[in-house]
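# A closer look at the structure
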Amino acid sequence: MINNLVIVESPAKAKTIEKFLGKDFKVKSSMGHIRDLSKEDLGIDINNNFKPRYIVPADKKKTVADLKESVKNAKTVWLASDEDREGEAIAWHLFEELKLDKKNTRRIVFHEITEEAILNAIENFRGIDQHLVNAQQARRVLDRLVGFEISPVLWRKVKPQLSAGRVQSVAVRLIVEREREIIGFQSTSSYKVNALFEVHEKGKKVQQIKAELNERFPEKKKAQEFIEKCKNATFTISGVVKKPAKKSPSPPFTTSTLQQEASRKLGYSVSQTMTVAQHLYEAGWITYMRTDSVNLSNTALKAAEEIIGKEFGKEYVNIRNYKTKSKGAQEAHEAIRPAYLNKASIEGNATEKRLYELIWKRTVASQMSDARLEKTTVTIDISGRKEQFIAEGEVMKFEGFLKVYLESTDEESEEEGEVRLPSLEVGLVLPYVQISATEKFTHYPPRYTEASLVKKLEELGIGRPSTYAPTISTIQQRGYVMKEERPGKERNYHVIYLEKGNIKETVNTEITGAEKGKLFPDNIGMMVNDFLVSNFAEILDFNFTASVEKDFDEIAEGKANWTDMIKQFYKPFHEKIEASLASKEYVKPERALGTDPVSGKPVFARLARFGAVAQIGETNGEEKPRYAQLRKGQNIESISLQEALDLFKLPRKIGLYEDKEVTVSTGRFGPYVLHDSKFYSLKKGFDDPYTIELERAVEIIIEKREKDKNKTISTFKEDADLMVLNGRWGPYISYKKENYKIPKGTDPKSLHYKDCMEIIGSAPEKKKKKK
């Protein structure tokens, strides 16, 4: 008999909790949700009333049976799933499926896995909050309805095997609209003027100060005229203004800000950040990681005050109570912080250590004093001109929180940090060292990173802390959006210099448009977005998606009935689904580009089975059309006729090797070299099939041959299907299209036929792959 049975969602959480409980407690894991909505029966009757039908998935039946057996022998059952809506729903599903008795069932929640928090939760147990459960049910049901009803419309009207989602489709829309802004963007140039002046002080070394003109010239001619005037001009200081300034620390992390900052500072993806944060929480190192609150508990504030005073001094302490700005903040009652603030670092892998240290620094810095600075602005007049040069300096007077942490931004900055100016007075004449006018170009709006997309979704009120990571992962997994790096292009720019009374001009080169870790919409993503915006505008409306989140909040607070909310949404939505299915309009995923000057046949950009292609000739014409895959970065909407025709330069014959033709082309799996009927893949991001030469192609062929030669360790005459091979993760046995691990400490070269068959015979039975 078990006195107390505690049920949590994960084995890692169970292991940590078990350390703080006595022998009277047994902790078991439910491995997440134990029930899901039935896919066959959505629970809607002819009057659009909704009653969900839940089932236990096949992979959870063993877990449920094991839990039922444990419950039979338990005096008291403690449901200790997470404190957010999803955690409450897990507790409710456990209660229902395990047929628990209210009399001996306790619901406990804690914001951190520490001994104090767990014992406090046990003393202050409660029942299941049905309002939170209903809010989670409403979210899952609404998302299921949208996905299940829109997806078949996409299959019929756009392309088979597509899918849609309420929040995911809105995220794709943001990325598509930004891409179209970029496609339509027309860059303009202007001339930015900078100057380098000398300051001569008696008895001191000559110093130099940088200044920038307070306006830009739209044309090269005007910049040249200005530089010409500067040859004989006098530069006089007309104003020196000193002002105190301060910088304040950012609040402690919420889910959104942690995802953004981990992306900027550590290069983590949103899903990676949440996975690592989950491990830190379950190990007891940080508080709950799904929250939109910036509040810190009194215990945490007291610990921060003590640590800052001890490590940095009392003048660095400034205890602050931050208030959550986002309306409806409900996922948890406290920000993400270390469970033990006296631990600046932890044990764990490098990824966990780096994220923990980021959280520790942000938490401590949030309770530190402002940084104090002195900003100096110097105005320099130009004789005979109305423009002025401005020189700015910044001196740190007191570091404050900057001693520990400074928040990053998504925008690239050209700031140089602290700039000290020498002692300057009004009326001082400054000789110039150099004056330059540099051509600068306006830049298109920045593409979204995962971090900036999370920020935008939060600003629009779309989604909640628990939905950001799965949303961004889903749109990439479905192929609607790609996270990519793209090389920039060379661009010339002009510079006009004035030095020692002489003017000279140069043409320099810069790389523009290079992207790293940015989100790009795929061609299919753009087409699906257009279809949904055209036919289901309300679902993709930003305000609608945000208002639905408010409805969920009201349900969680007990102010609204969840089934009424679903019914109100479903009737008009279902009518639009039926109207769309009845319509004879179909999306034709192609765009006419013009005529091929050689063959006289029409040229199209269209969506084919394996992606976007250029096509010469009619699909239903007498002759079979020719196809060429679009290159990375090209899309159906913006590709030109000439760019499409250039794609047909492949395959390219680039010479002979070993008296056989070497050809470069591209196929379903990317660009390749073809030689002697064998295929050799080009190195991704390095080799270009349109420019690669014979010398490099031969290198690729030799490298692959060498790799294949070293791949086979042993073959056996007893059975041709049996081989010992070298793989990516080390040596292994291959037999009849199945792979088997070689036991540690075994020399793969020493294995005989009998040894291999014994290893295969003793290997655990492989799970069948799900279709």
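Residues numbered from 1 in each chain as written. Predicted model: local features only at pLDDT ≥ 70, side-chain atom pairs only at ≥ 80, totals over all residues. Heavy atoms only, no water.

### Describing the packing of aromatic side chains
- Scanning the entire structure with this criterion turns up 18 aromatic pairs.
- Ring geometry for Tyr-281 versus Tyr-288: centroids 5.2 Å apart, planes at 70°, classification edge-to-face. For the pair formed by Tyr-281 and Tyr-288, the shared burial category is buried.
- Consider the rings of Tyr-672 and Phe-679, whose centres lie 5.0 Å apart with planes at 75°: the pair is edge-to-face.
- Residue classification places Phe-679 among the exposed residues on the basis of a relative accessible area of 53%.
- In textbook terms, an aromatic cluster arises when at least three aromatic residues are bridged by ring pairs, as seen for Phe-197, Phe-217, Phe-226, Phe-235, Phe-389 and Tyr-432.
- Its end group placed over the ring of Phe-520, Arg-486 keeps NZ or CZ at 3.7 Å from the ring centre. (Phe/Tyr/Trp six-rings, centres within 6.5 Å; stacked < 30°, edge-to-face > 60°. Buried < 20%, exposed > 50% of the residue type's maximum accessible area, 1.4 Å probe, protein only. Lys NZ or Arg CZ within 6 Å of the ring centre and 35° of its normal.)

### A few points about the sheet that holds strand 12 (residues 432-441)
- Pairing in this open sheet of 8 strands is antiparallel, and the strands run 9-10-11-8-7-12-14-15 from one edge to the other. Either end of the sheet is taken by a strand with one partner, and the two such strands are strand 9 (235-247) and strand 15 (502-512). Strand-to-strand, the axes of this sheet are offset by a mean angle of 25°, without reference to chain direction.
- As defined by bridge partners, strand 7 (residues 189-199) adjoins strand 12 across 9 bridges and the pair is classed as antiparallel. Bridging from a neighbouring strand, Lys-192 pairs with Thr-438 of strand 12.
- Sitting on the sheet, helix 7 (residues 220-230) touches strand 7, strand 8 (207-213), strand 9, strand 10 (371-382), strand 11 (388-398), strand 12, strand 14 (489-499) and strand 15, and the angle it makes with strand 14 is about 25°. (Pairing = 2+ DSSP bridges. Helix = DSSP H or I, 4+ residues; strand = E, 2+ residues; numbered from the N terminus. Axes fitted to C-alpha atoms, helices over the stretch in contact; angles between N-to-C directions. Contact = heavy atoms within 4.5 Å.)

### Looking at the packing of helix 9 (residues 270-282) against helix 11 (residues 350-365)
- Contact geometry of helix 9 with helix 11 gives a least axis separation of 10 Å together with a crossing angle of 85°. Relative to helix 11, the element helix 9 is oriented roughly perpendicular. Contacts between helix 9 and helix 11 involve Gln-272, Thr-273, Val-276, Ala-277, His-279 and Leu-280 from the first element and Thr-351, Glu-352, Leu-355 and Tyr-356 from the second.
- Looking at the contact of helix 9 with helix 11 residue by residue, the classes come out as 5 nonpolar, 4 polar and 1 charged. (Parallel < 35°, antiparallel > 145°, perpendicular 65-115°, else oblique. Nonpolar A, V, L, I, M, F, W, Y, C, P; charged D, E, K, R; others polar.)

### Section: the environment of Arg-486
- Mapped onto the elements, Arg-486 comes out in strand 13 (residues 481-486).
- Between the C-alpha atom of Arg-486 and that of Lys-220, which follows or precedes it by 266 residues, the distance is 31 Å.
- Setting aside residues up to four positions removed in sequence, Arg-486 forms contacts with Gly-513, Ala-514, Glu-515, Phe-520, Lys-632 and Gly-633.
- For Arg-486, the side chain forms a polar contact with the side chain of Glu-484, separated by 2.9 Å. (Polar contact = N/O pair within 3.5 Å; in protein donor to acceptor, adjacent residues only side chain to side chain.)

### Digging into unusual backbone geometry
- The omega angle of the peptide bond from Leu-650 to Pro-651 is 0°, so this bond is cis rather than trans.
- Position of Pro-651 among the secondary structure elements: in the loop between helix 17 (641-646) and strand 21 (652-657).
- Although it is not a glycine, Gln-161 sits at a positive phi angle of roughly 70°.
- Counting through the fold element by element, Gln-161 comes out in the loop between helix 5 (130-157) and helix 6 (166-183).
- The phi dihedral of Ser-677 is positive, around 65°, even though this residue is not glycine.
- Overall, the relative accessible area of 67% leaves Ser-677 in the exposed class.

From the geometry alone we can't say anything about function, so treat these as descriptive.
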